[in-house]
Amino acid sequence: MTTRTHDVYTHGHHESVLRSHRWRTAENSAGYLLPALAPGQRLLDVGCGPGTVTVDLASRVAPGEVVGVDRSAAVLAVATEHAAEKGAANVRFEVGDAYALEFEDDTFDVVHAHQVLQHLTDPVAALREMRRVTRPGGVVAVRDADYAGMTWYPPHPGLDEWQALYHEVTQANGAEADAGRRLLSWVREAGFDPAGVAPGAGVWCYATPEDRTWWAGLWADRCVTSNFAVQAMEHHLADEVALELLADAWREWGTSPDGWFLVPHGEVLARA
């Protein structure tokens, strides 16, 4: 395995991050892909994390085999436990590298990657590798957020500072926080036939009292306890006091009864 050690996962796998990842389902995070799925397909989920989306996708292609890969063995243990709890017998998880997938050419009908390319220093290389393991006529499906496109109400200078710092941290990591708007260009650069490429967009919106409190709380925690906080300090972009102020800003915004937060995503289905 040839994992690129210079790639850094901005968020890491702190509980505040996994809390967000475990919320994700096929419906709220891969709806654009669902019409392309059919029973019996073989599917690869790249960067599967704790496996909630993976297991949902497995239920839609059963009895087809599903494989989830991630760089973190620890998070794959969480995914394996989740699959067992859901009785998903057609899914398995392996440590893997998006740049060097340990599968033969033309192995899968569907290759899926959710919120992965934004963290890679060479997303086009990863897309070429995903295409390699997809059978001719199969589908590569990618979805990534676009941080510059995120918007919220009411305005809050602390959240403006958070957005700016997030971009600074990802730039220092050699990654692209605004991946969503770039997916189409990356897919084209990776060599997919434009005639088989279907670009689009989707959103998450946090506006109910419950959703707003949850979203604000997890980002308040991320600002002080996740890898994002560690990297901000390691790159000398923020200190503990500044990060605590960002966490306070998130908590304050989260108490507003008018609070509304939109996360836009780019989405692309590309035929191999």
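The structure reproduced in this document is the subject of the present report. The structure presented is a predicted model; accordingly, all values stated were derived computationally and were not measured.

### Thoughts on the pairing of strand β1 (residues 43–46)
Point 1. What you see with β1 is no split at all: L43 and D45 on one side and L44 and V46 on the other are buried throughout.
Point 2. In this fold, the crossover linking β1 to strand β2 (residues 66–70) by way of helix α3 (residues 52–61) has right-handed handedness.
Point 3. Two elements, β1 and strand β4 (residues 108–114), share four bridges in a ladder whose sense is parallel. Residue pairing across strands places L43 opposite V110, the latter belonging to β4.

### A short note on the packing of helix α6 (residues 157–172) against helix α10 (residues 240–254)
Point 1. Interaxial distance between α6 and α10 falls to 8 Å at its minimum, and their mutual angle equals 125°. One element, α6, and the other, α10, form an angle in the oblique class. Considering how the two elements wind past one another, α6 and α10 form a crossing that is left-handed. On the side of α6, the interface is formed by G158, L159, E161, W162 and L165, while α10 contributes L243, L246, A249, W250 and W253.
Point 2. Taken together, the residues that form the contact of α6 with α10 break down as eight nonpolar, one polar and one charged.

### Side note on the packing of aromatic side chains
Point 1. For the structure shown, the criterion picks out 24 aromatic pairs.
Point 2. Seen from their ring centres, W152 and W162 are 6.3 Å apart, and the 65° between their planes marks the pair as edge-to-face. Residue W152 is found in strand β6 (residues 151–153), and its partner W162 is found in helix α6; the two are separated by ten residues along the sequence.
Point 3. On the basis of relative accessible area, W152 is assigned to the buried category, the value being 11%.
Point 4. The exposure class assigned to W162 is buried, which follows from its relative accessible area of 0%.
Point 5. Centre to centre, the rings of W152 and F261 are 5.4 Å apart; their planes meet at 15°, and the pair counts as stacked.

### With respect to the packing of helix α8 (residues 209–225) against helix α9 (residues 227–234)
Point 1. Close contact between α8 and α9 brings their axes to 5 Å; oriented N to C, the two are set at 40°. With respect to each other, α8 and α9 are oriented oblique. Relative to α9, α8 is oriented so that their crossing is right-handed. Contacts from W219, R222, C223, V224 and T225 of α8 reach α9 at N227, F228 and A229.
Point 2. Broken down by class, the residue content of the contact of α8 with α9 amounts to five nonpolar, two polar and one charged.

### As for the pairing of strand β5 (residues 134–145)
Walk down a regular strand and you will see the side chains alternate between the two sheet faces.
Point 1. In terms of burial, β5 is largely enclosed, as nine of its twelve residues are buried.
Point 2. As judged from the six bridges shared by β4 and β5, these two strands associate in the parallel manner. Counterpart to V111 in the pairing with β5 is V140.
Point 3. Between the parallel elements β4 and β5, the chain passes through helix α5 (residues 123–132) in a crossover that is right-handed.
Point 4. Taken together, the seven bridges between β5 and strand β8 (residues 260–271) define a ladder with antiparallel strand orientation. What sits directly across from D144, in β8, is G266.

### As for the nonpolar core
Point 1. Core analysis: the largest hydrophobic core is formed by 31 residues, its most contacted members being L44, V46, L117, L127, M130 and V142.
Point 2. Elements with a minimum of two residues in this core: β1, β2, β4, α5, β5, α7 (183–189) and β8.
Point 3. Considering each element in turn, this core owes the most residues, five residues, to α5.
Point 4. Setting aside residues up to four positions removed in sequence, L44 forms contacts with V67, V69, L101, F103, F108, V110, V111, H112 and V133.

Reading guide: rules and limits
- Residues numbered from 1 in each chain as written.
- Predicted model: local features only at pLDDT ≥ 70, side-chain atom pairs only at ≥ 80, totals over all residues.
- Heavy atoms only, no water.
- Buried < 20%, exposed > 50% of the residue type's maximum accessible area, 1.4 Å probe, protein only.
- Helix = DSSP H or I, 4+ residues; strand = E, 2+ residues; numbered from the N terminus.
- Right-handed = clockwise from strand over helix to strand, strands pointing away.
- Pairing = 2+ DSSP bridges.
- Axes fitted to C-alpha atoms, helices over the stretch in contact; angles between N-to-C directions.
- Parallel < 35°, antiparallel > 145°, perpendicular 65-115°, else oblique.
- Left-handed = near helix turned anticlockwise from the far one by under 90°.
- Contact = heavy atoms within 4.5 Å.
- Nonpolar A, V, L, I, M, F, W, Y, C, P; charged D, E, K, R; others polar.
- Phe/Tyr/Trp six-rings, centres within 6.5 Å; stacked < 30°, edge-to-face > 60°.
- Core = buried A, V, L, I, M, F, W, Y, C linked by side-chain atoms within 4.5 Å.

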